[in-house]
Amino acid sequence: MPHLPKVVTEPSEILQIVRAAQREGKRVGLVPTMGALHQGHLSLVESACESCDITIVTIFVNPTQFAPGEDFEKYTRKLVSGLANVDDVGADIVFAPNTDEIYRQGHSTYVEPPAVSLPLEGKCRPGHFQGVATIVLKLFLMIPADVAFFGRKDYQQTLVIRRMVADLNVPMEIVVCPTVREPDGLAMSSRNAYLSSEERQRSLAIANSLQKAQQLYADGEKSASSVLTEMRRILEKAGIDRIDYVALVDPETLVDREDLTEPTVALIAAYVGATRLIDNQPL
Ligand code: AMP
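None of these values were measured; they are calculated from a predicted model.

Novice: Please explain the sheet that holds strand β8 (residues 265–272) as it appears in this structure.
Specialist: Where strands meet in a sheet, backbone hydrogen bonds hold them as pairs that are either parallel or antiparallel. Taken in spatial order, the three strands line up as β7-β8-β9 in an open sheet, and their pairing is antiparallel. At either margin of the open sheet sits one strand with a lone partner, and together these are β7 (242–249) and β9 (275–282). Averaged over neighbouring strand pairs, the angle between their axes works out to 10 degrees when direction is ignored. Sheet strands in contact with helix α9 (residues 224–237) are β7 and β8, and its direction is about 150 degrees off that of β7.

Quick look at the structure:
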């Protein structure tokens, strides 16, 4: 028998459920998503279920983290059609609020995201992390769970959330889970569904480029610029349409590394056709 989650749309109802569970001493886990659930999301749910008594998955495509001209409309239309596939997620509760309920008439308060939001995605997607920080804090207030689970796939996002939680004394434990990949290495992403089969093939260069960086690092290469050159070469050879960034940075501050003498994270953002993909690899 599949384990069917209870679907809740009202913030007042989800708050009551969380408080009642916590009064009984239950540990509540939260997994925020934008729907279009895939195995990457499900791995977060599995981690939550392992360590929590109740797991809540939220599905909300947050308009404030998409800039004008980005794929908000397409995302909502193509990927999150209703609540399809949540029956199998294994969560106890799915919270799927309406946009009007989350951003009520006259909403004008936003979280100023921490400094770690400024490079990389912050440069390429101005306003993105303000939208992310705002919705994540709002979800944490609507659903005051004990612990929230995020994927390392969105590496900079995990740093932004950890820093925000520390800076604003938010009483939420943050757990970061490993990136789930397709058998050939492509990081799972809702946006992979936009790729044509030819683009899907080319997109592999992103994971290959990160793997090459890891291999060069493991072999003792100390020059960041040599590794970056090799990473770009792999992307360009595969015909990746536009590279937003290829970076080797400090895992905490995201400051560019010159020498690879300490732990480093490699990150890539690039377009394959019209689809923007991101991925990363700790070295
Ligand atoms: P999204 O629906 O894209 O906003 O993602 C919701 C959560 O799932 C975020 O914490 C993501 O980092 C995480 N996630 C997305 N893709 C993956 C993946 N391939 N592996 C692990 N976590 C992921």
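Novice: What is the right way to look at the site of the ligand in this model?
Specialist: In the region of the ligand, 15 residues are neighbours, and M34, H41, D154, V180 and M188 sit closest. The backbone of M34 places a nitrogen or oxygen atom 2.9 Å from an oxygen atom of the ligand. At a separation of 2.6 Å, an oxygen atom of the ligand approaches a polar side-chain atom of D154. Contact with the protein chains covers 92% of the free accessible surface of the ligand, which is 490 Å².

Novice: Just checking my understanding: could you explain α9 for this structure?
Specialist: Residues three or four positions apart in an α-helix share a direction because the helix packs 3.6 residues into each turn. Between its first and last C-alpha, α9 extends 20 Å over 14 residues, near the 20 Å set by a 1.5 Å rise per residue. In this fold, the buried residues of α9 make contact with α8 (197–218), β7 and β8. G239 sits one or two residues past α9 and shows a positive phi near 75 degrees.

Novice: Help me understand the side chain of T134, please; the structure alone is not making it clear to me.
Specialist: Mapped onto the fold, T134 is located in helix α6 (residues 128–142). We classify T134 as buried; its relative accessible area is 3%. Beyond its immediate chain neighbours, meaning those up to four positions away, T134 contacts T109, Y110 and V111.

Procedures and definitions
- Residues numbered from 1 in each chain as written.
- Predicted model: local features only at pLDDT ≥ 70, side-chain atom pairs only at ≥ 80, totals over all residues.
- Heavy atoms only, no water.
- Pairing = 2+ DSSP bridges.
- Helix = DSSP H or I, 4+ residues; strand = E, 2+ residues; numbered from the N terminus.
- Axes fitted to C-alpha atoms, helices over the stretch in contact; angles between N-to-C directions.
- Contact = heavy atoms within 4.5 Å.
- Near = heavy atom within 4 Å.
- Polar contact = N/O pair within 3.5 Å; in protein donor to acceptor, adjacent residues only side chain to side chain.
- Areas by Shrake-Rupley, 256 points an atom, 1.4 Å probe, with all protein chains shown as cover.
- Expected span 1.5 Å × (residues − 1).
- Buried < 20%, exposed > 50% of the residue type's maximum accessible area, 1.4 Å probe, protein only.

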